[in-house]
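# Commentary on secondary and tertiary structure
Here is what each chain is made of, one letter per residue.
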Amino acid sequence: MRNEGNASKLIFVGNHICLDFINTQIIHKGRIVDLLRDFSHLVEWLAETELLDFTKSKETLRKLTGNPERERVLAQAREFRAVLRAIIERIIEGKPIQKSAIDAINKLLSNRIGYPQLIQARNGFKTQFYAESSEAIHLIVPIAESASDLLCHGDFSLIKKCDNPDCILYFYDISKNHARRWCSMNICGNRMNEPPETEIRGSIPSRLSGTKTYLFKRPPEFKW
Ligand SMILES: [Zn+2]
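Residues numbered from 1 in each chain as written. Predicted model: local features only at pLDDT ≥ 70, side-chain atom pairs only at ≥ 80, totals over all residues.

### Side note on the overall build of the protein
Within the protein, the regular secondary structure consists of seven helices and eight strands. Looking at the protein as a whole, 29% of its 224 residues qualify as buried. Restricting to contacts in the protein with at least 6 residues of sequence separation, those with at least 24 account for 57%. (Helix = DSSP H or I, 4+ residues; strand = E, 2+ residues; numbered from the N terminus. Buried ≥ 20, exposed ≤ 12 C-beta atoms within 10 Å, placed from the backbone. Contact = placed C-beta atoms within 7 Å.)

Here's what the structure looks like:
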């Protein structure tokens, strides 16, 4: 049963953090489902995307236990996600991005506190920004950075919505001929091409809470 019982699992099919964040809302059985059900899911998502260090994510959850700040930041994250969705929709429709959306990104970026560090990567070196998250709001600043990155350096023609009209997932098409149509074959491709029964595949251990089944394997680190 495609996707049955998996409506709560995080999905990483976007090839870009900004799009994966938008993809934390899915359609399941005809209804919008929010995968960020509470603050811990937001922290889990940040840890899985490596925007937040694993140790810090644990610390954050511990530090903010019972703190009303959790709800405030979660609400802001959801609100920002709606802004990002509107931006992507306008890009796909070839419309200019509204100034209020740019302002929302800049407002979050103004909270950016941290420092870059040199990291040894597989094929050389790269710099990585380490956010100093003294306040909970700083947790979602890297998402604004990823949105800024997409707007500055992305090829808008490669930002696509899944071809399934009932699906709301987006992805950055890095396939060889830029002919990708589906968020994933398992979720929508098989469904649209032929009828049904598909298996959920891919299972990787969650660093926060035991084993988690993914609808799709996490993509390799995205490179422009
Ligand atoms: Zn889809």
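### Thoughts on the pairing of strand E1 (residues 25-28)
Note: E1 against strand E2 (residues 31-34), four bridges, orientation antiparallel. Among the inter-strand pairings, Ile26 is bridged to a residue of E2, identified as Val33. Between E1 and E2, which pair antiparallel in sequence order, lie two residues; one of them, Lys29, sits at a positive phi of approximately 50 degrees. (Pairing = 2+ DSSP bridges.)

### Considering the packing of helix H2 (residues 39-48) against helix H3 (residues 54-63)
Where H2 meets H3, the closest approach of the two axes is 9 Å, and the angle between their N-to-C directions is 170 degrees. When the interaxial angle is binned, H2 and H3 end up roughly antiparallel. On H3, the residues that touch Ser40, Val43, Leu46 and Ala47 of H2 are Phe54, Ser57, Thr60 and Leu61. Of the residues contributing to the contact of H2 with H3, the split by class is five nonpolar, three polar and no charged. (Axes fitted to C-alpha atoms, helices over the stretch in contact; angles between N-to-C directions. Parallel < 35°, antiparallel > 145°, perpendicular 65-115°, else oblique. Nonpolar A, V, L, I, M, F, W, Y, C, P; charged D, E, K, R; others polar.)

### As for H2
Every α-helical turn comprises 3.6 residues, leaving residues that sit three or four positions apart pointing alike. Across the 10 residues of H2, eight count as buried, placing the element largely inside the fold. When H2 is considered as a whole, its buried residues turn out to be Phe39, Leu42, Val43, Glu44, Trp45, Leu46, Ala47 and Glu48. Elements that come into contact with the buried residues of H2 comprise H3 and helix H4 (69-92).

### Some details on the nonpolar core
Residues Cys18, Leu46, Phe80, Leu84, Ile140, Ile143 and Cys183 are the most contacted members of the largest nonpolar core, which totals 47 residues. Breaking this core down by element, the ones donating at least two residues are helix H1 (17-22), H2, H4, helix H5 (99-109), helix H6 (141-153), strand E6 (170-172) and helix H7 (185-193). Looking at this core element by element, the count peaks at eight residues for H4. Discounting chain neighbours no more than four positions away, the residues touching Phe80 are Ala104, Leu108, Ile140 and Ile143. (Core = buried A, V, L, I, M, F, W, Y, C linked by C-beta atoms within 7 Å.)

### Re the confidence of the model for the protein
Of all residues in the protein, 81% attain a pLDDT of 70 or more, and the chain-wide mean is 82. The element-level mean pLDDT for the protein is lowest in strand E8 (residues 211-213), coming to 33, with strand E5 (residues 159-161) highest at 98. Segment residues 196-224 is flagged for pLDDT under 50; beyond a separation of four residues in sequence, or across chains, it makes 47 contacts in the model. (pLDDT = per-residue confidence, 0-100.)

### With respect to H5
For H5, the set of buried residues is Ala104, Ile105 and Leu108. Axial view of H5: buried residues confined to an arc of 95 degrees, hence all on one face. Those residues of H5 that are exposed and aimed more than 90 degrees away from the buried face are Lys99, Ser100, Asp103, Asn106 and Lys107. (Arc of directions from axis to C-beta.)

### Points about the environment of Arg31
By secondary structure assignment, the location of Arg31 is in strand E2. Arg31 sits in the exposed class, given 8 other C-beta atoms within 10 Å.

### Points about the environment of Ala101
Mapped onto the elements of the fold, Ala101 is located in helix H5. Owing to 18 C-beta atoms within 10 Å, Ala101 belongs among the partly exposed residues under this scheme. Taking the C-alpha atoms as reference points, Ala101 and Ile87, 14 residues apart in sequence, are found 7.0 Å from one another. If near-sequence neighbours (up to four positions away) are discounted, Ala101 is found in contact with Val83, Ala86 and Ile87.

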